[in-house]
Amino acid sequence: MADARGQVTTTIAPEADGRVILRQGTFPTSVAVGEGLLPRLALITGLDSPPFIVADEITGPLFADFLGRRRGLFNLPRGEGAKSLDSLSAIYTSLAAAGVDRSGPVVALGGGVVGDTAGLAAATWMRGVPLIQCPTTLLAQVDSAIGGKTAVNLPEGKNLVGAFHPAQWVLSDVECLRSQSDEDFRQGLAEAVKYGLGEEWSFFDWLEENARSALRRSLPVLGTLVAECSRMKLAVCAEDERETGGVRARLNLGHTVGHALEAASGYRWRHGDGVAAGMMVASRLSLRRGLLREEDFSRLDRLLTTLRIPHRVDMAWEEIAPFVARDKKFRSGAPLMVLPRSDERCALLSVSLDELREACAESAGGKL
Ligand SMILES: NC(=O)c1ccc[n+]([C@@H]2O[C@H](COP(=O)([O-])OP(=O)(O)OC[C@H]3O[C@@H](n4cnc5c(N)ncnc54)[C@H](O)[C@@H]3O)[C@@H](O)[C@H]2O)c1
Ligand SMILES: [Zn+2]
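Rules behind the numbers
Residues numbered from 1 in each chain as written. Chains lettered and ligands numbered in written order. Predicted model: local features only at pLDDT ≥ 70, side-chain atom pairs only at ≥ 80, totals over all residues. Heavy atoms only, no water. Near = heavy atom within 4 Å. Polar contact = N/O pair within 3.5 Å; in protein donor to acceptor, adjacent residues only side chain to side chain. Areas by Shrake-Rupley, 256 points an atom, 1.4 Å probe, with all protein chains shown as cover. Helix = DSSP H or I, 4+ residues; strand = E, 2+ residues; numbered from the N terminus. Nonpolar A, V, L, I, M, F, W, Y, C, P; charged D, E, K, R; others polar. Donors = N, O, S within 2.8 Å, 3.2 Å for Na, K, Ca; no water. Buried < 20%, exposed > 50% of the residue type's maximum accessible area, 1.4 Å probe, protein only. Phe/Tyr/Trp six-rings, centres within 6.5 Å; stacked < 30°, edge-to-face > 60°. Lys NZ or Arg CZ within 6 Å of the ring centre and 35° of its normal. Domains from an automatic or database assignment. Contact = heavy atoms within 4.5 Å. Buried area = accessible area lost by both parts, 1.4 Å probe. Salt bridge = Lys/Arg side-chain N within 4 Å of Asp/Glu carboxyl O.

### Observations concerning the site of ligand 1
The environment of ligand 1 is formed by 24 residues, the closest being Asp 56, Glu 80, Gly 112, Thr 136 and Thr 137. Asp 56 places a side-chain nitrogen or oxygen 2.6 Å from an oxygen atom of ligand 1. Within the contact set of ligand 1, an oxygen atom lies 3.3 Å away from a side-chain nitrogen or oxygen of Asp 184. Taken by itself ligand 1 offers 860 Å² of open surface, and the protein chains cover 86% of this. Of all elements in the fold, only helix H2 (59-63), helix H4 (112-124), helix H5 (138-144) and strand E9 (157-164) reach the threshold of two or more residues within the shell around ligand 1. Grouping the amino acids of the shell around ligand 1 by side-chain chemistry returns 6 nonpolar, 9 polar and 9 charged.

Set out below in structure tokens:
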């Protein structure tokens, strides 16, 4: 399923034991995807000293012992609240107590909250130590562990303090995904659909064929799903390492309305669910502009339904609009939105607020 249109190529090297290793151009991260990878951390990454592990109160007890010898273990509280300066400070204290020097390495063992917080600790401890991401949620495996963005939140807003610090290795062990709650798991599925709709239609076809097995969490299917999404995310990030070239913006498909739904509902809408509703609104805009065929619009609706991902806007435009206006991607008063296109990769286009209001209203009305 390699994309012939991109100029940079990804190496997918299947190893004898079934794991897949991905590398992309000069991007400094290697990604390993497969089953039973955690116990082989040292072997795969060539670690020569025991790592310091940052996990959370769920992932530490569940998975830390699989990683073998360690220099220390710090378990964050679970949830978004743990992405804070206080957590960062507590991690520094533990790193000092464990005597972690410039050779590190720090392992982030958990979902995006652990990955972002431990990643920022690794970026700043002694001006930066090697980082290995061991993502344990589907969202982290297909998205947050790859690309080098690390951050914590402030009371003033999300991700306001951060750094680019790409992991040397991302080890995505799909066996970890078995213990996720259904609701958490589907947040990652929504991001996977985003890669199909926005990046490669051949992956969208594959998702349609494998949706039920993915929902059942068949490990071989999850292995392919995570490897394909990782390949696409690596390719985008390698083209735009520090998010200055506008290429990474493509990964925001569905996010303008998604973020607005999350914030406007007081986070009753979860991130992936919001992105799914946002993809429907973006697709409706594409449909109206003749960029997307009716048939592809219906396919998206069906796939999200099969995957049991809520995707109908259930709030009035007046409630969502103030949060859309806070979105940073505006050009002369009109939001810039990522719009999907049949047979092609998505594109970043200017959309009028009127168009967006109508598309949201139609989506809220349940009109297909
Ligand atoms: N850095 C990036 O590029 C990037 C991209 C997208 C999202 N993010 C960030 O990621 C975060 C969301 O990540 P998330 O959805 O992984 O949430 P999360 O890290 O909060 O994990 C969700 C819950 O699942 C639990 N959990 C983790 N792995 C588990 C497992 N295998 N089995 C059972 N329970 C498990 C965790 O303890 C937590 O309670 C947000 O803070 C978001 O800002 C970052
Ligand atoms: Zn997202």
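Here the narrative resumes.
### Re the coordination of the zinc ion (ligand 2)
When a metal carries six donors in an octahedron, the ideal angles between them are 90 or 180 degrees, while four donors in a tetrahedron ideally lie at 109.5 degrees. Bound to the zinc ion (ligand 2) on the protein side are Glu 191 (OE), His 255 (NE2) and His 271 (NE2), at distances that span 2.0 to 2.1 Å. All donors to the zinc ion (ligand 2) come from one chain, and their sequence spacing reads E-x63-H-x15-H. With Glu 191 in helix H6 (residues 182-198) and His 271 in helix H10 (residues 271-288), this pair connects stretches of sequence that are 80 residues apart. Using a relative accessible area of 0% as the deciding quantity, one classes Glu 191 as buried.

### Some words on the packing of aromatic side chains
Taken as a whole and judged by the stated rule, the model has 3 aromatic pairs. Consider the rings of Trp 201 and Phe 204, whose centres lie 5.1 Å apart with planes at 50°: the pair is tilted. Here Trp 201 and its partner Phe 204 are both found in helix H7 (residues 201-215), 3 residues apart, which amounts to about one turn of the helix. A single burial state applies to Trp 201 and to Phe 204, both of which are buried. The residue whose ring lies beneath Lys 194 is Tyr 195, and the NZ or CZ to ring-centre distance is 5.1 Å. Of note, Arg 217 hangs over the ring of Phe 185, and the distance from its end group to the ring centre comes to 4.2 Å.

### Brief notes about the domain arrangement of the protein
When its domains are assigned, the protein resolves into domain 1 (10-200) and domain 2 (253-364). Each of domain 1 and domain 2 has a C-alpha centre, and these two points are 29 Å apart. Contact with domain 1, which involves 13 residues of that partner, is made by 19 residues of domain 2. The largest share of the area that domain 1 buries against domain 2 comes from Arg 186, Val 193 and Leu 197, three residues that together contribute 37% of it. For the interface between domain 1 and domain 2, the tally reads 4 salt bridges. Where Glu 183 meets Arg 270, a salt bridge forms, and the shortest distance between an N and an O atom there is 3.0 Å.

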